[in-house]
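Structural overview
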Amino acid sequence: EAAVAAVAAPSQPEVAAGSAASAVVLPERLQRREAERQQGVERQRQKKEAQVVKEEQSEFFLAAFAREREAVEALLAAGTLEEAAARLQALQKLLTGSVRFLAPYEVRQGQETVARLQGDLAARRQQLQPKKKFAFRALKKEAAPGSAPRPAEPAPPVPAAPGPGLAEGESGGPPLCGFSGAQDEELELGPAELLQRDVLLSELRGCRVRLRGNPNTLRVRDCRGCTVLCGPVSTSVLVDGCSDCLLALACQQLRTHRTRDCRVYVQVTSRAVIEACSEVSFAPYSWSYPGIERDFESSGLDRNSNNWNLVDDFDWLASDRPSPNWSLIPEQERITCWD
């Protein structure tokens, strides 16, 4: 029995070795837990610091933006339009460079302010244009008996005027150039007609529109089944209430509202914004035409800056999941030849 007990019971050295092994394992676990805890604390500290920096940047932006806005408004009121235009462009660049740390509602407010000031500038330019001098007109002579009447002179083309109500971002200032109400037509405007003009395309159906030149702003409103190809736009593009359209756009700022089932080839220096949209897809701008490099130079757009794949959806607040309302056009499906 003593022999059996001796065999069954572990020896003192074996017990000591087992205790030592347990003592080694236990501190290792504690060390791992402590390291994980320290890492968690460090992550929280970095996150808090990043949030503080972001808030400080936002506060600095809001103060600077308010100062520049007030300066532009004062220059507009004084009629100093060239300086107002330069300060307004600086205001747009300030907003464009700050979107990465601003909240969506701050971006929206900034864009609406810039659009309003652009409308005010256009209205003041129209208001301060020199009046046409009064001149006497020679009375028309009566046609001699039996002579053929002179043909009436053709009326000059009338710029496209907004329909009832203004789309978001449009001003109530001077009439815009563009096209309205056409169906199944080829429509085109050139550099001389577009240079720094505000352009409106509204209520078009099945049309193909080529805008070769450098507009100041572009509004595409309530269009169906259309192709719109546009040269570089100096400031903003608004696409509102459109469906089943193909658009090629280059601009500082793109906003798409109440739009569905559209493909957008875009070069944009800020982040594009969509709101109340579905099935909108994006690809990099690839349309070209003779003279487009000159138009890019006059527009002030940086050809090396393109955030075509960075889109903010104001209806999708989840940061950990992509918005289902927009997508990227696969590379093999992108248009390379436009004509």
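Thresholds, definitions, all that
Residues numbered from 1 in each chain as written. Predicted model: local features only at pLDDT ≥ 70, side-chain atom pairs only at ≥ 80, totals over all residues. Heavy atoms only, no water. Phe/Tyr/Trp six-rings, centres within 6.5 Å; stacked < 30°, edge-to-face > 60°. Helix = DSSP H or I, 4+ residues; strand = E, 2+ residues; numbered from the N terminus. Buried < 20%, exposed > 50% of the residue type's maximum accessible area, 1.4 Å probe, protein only. pLDDT = per-residue confidence, 0-100. Contact = heavy atoms within 4.5 Å. Pairing = 2+ DSSP bridges. Core = buried A, V, L, I, M, F, W, Y, C linked by side-chain atoms within 4.5 Å. Arc of directions from axis to C-beta.

**Some thoughts on the packing of aromatic side chains**
In total, this model carries five aromatic pairs according to the counting rule given. Taking 6.4 Å as the distance between ring centres and 75° as the angle between the ring planes, the aromatic pair formed by Tyr 285 and Phe 296 counts as edge-to-face. With Tyr 285 in the loop between strand S12 (278–284) and helix H6 (292–299) and Phe 296 in helix H6, this pair connects stretches of sequence that are 11 residues apart. Look at Tyr 285 and you get buried, because its relative accessible area is 9%.

**Digging into the confidence of the model for the chain**
Looking at the chain, the pLDDT average stands at 79 and 76% of residues meet or exceed 70. When pLDDT is averaged over each element of the chain, strand S4 (residues 208–211) comes out on top at 97 and helix H1 (residues 2–8) at the bottom at 48. The model gives residues 132–175 a pLDDT under 50, and that stretch makes 39 contacts with residues more than four places away or in other chains.

**Thoughts on the pairing of strand S5 (residues 217–221)**
The buried fraction of S5 amounts to five of the five residues, a majority that puts the element mostly inside the structure. The two faces of S5 match: Thr 217, Arg 219 and Arg 221 on one face and Leu 218 and Val 220 on the other face are all buried. The pairing of strand S3 (residues 198–202) with S5 spans five bridges and is parallel. Considered in S5, the bridge of Asp 198 is made with Thr 217. Pairing of S5 with strand S7 (residues 236–240), which is carried by four bridges, proceeds in the parallel orientation. When the bridges of S7 are listed, Leu 218 appears paired with Val 237.

**Points about the nonpolar core**
Of all hydrophobic cores here, the largest spans 38 residues; its most connected members are Leu 201, Leu 204, Leu 218 and Leu 254. Ranked by residue count, the leading element in this core is strand S10 (residues 260–268), at four residues. If we skip the residues at most four places from it in the chain, Leu 201 touches Gly 178, Phe 179, Val 209, Leu 211, Leu 218, Arg 219, Val 220, Arg 221, Cys 223 and Val 228. Membership of the second largest hydrophobic core comes to 18 residues, among which are Phe 61, Ala 85, Val 99 and Val 114.

**Remarks on the environment of Leu 247**
Assignment of secondary structure puts Leu 247 in strand S8 (residues 246–251). Taking the C-alpha atoms as reference, Leu 247 lies 9.7 Å from Phe 282; in sequence the two are 35 residues apart. When near neighbours in sequence (up to four residues on either side) are disregarded, Leu 247 contacts Val 220, Val 228, Val 239, Cys 262, Arg 263, Val 264 and Tyr 265.

**Things to note about the environment of Asp 120**
When you line up the elements, Asp 120 lands in helix H4 (residues 104–127). The exposure class of Asp 120 is partly exposed, given its relative accessible area of 31%. Expressed as a C-alpha distance, the spacing of Asp 120 and Glu 73, which sit 47 residues apart in the sequence, is 8.8 Å.

**Description of H6**
Side chains of residues three or four places apart in an α-helix project in the same direction, reflecting 3.6 residues per turn. All of the buried residues along H6 are Ile 292, Asp 295, Phe 296 and Ser 299. Buried positions in H6, seen along its axis, are confined to an arc of 105° and lie on one side of it. Residues of H6 that are exposed and angled more than 90 degrees away from the buried face: Arg 294 and Glu 297. Buried residues in H6 make contact with strand S6 (227–232), S8 and S10. Just past H6, the residue Gly 300 takes up positive phi, approximately 80°.

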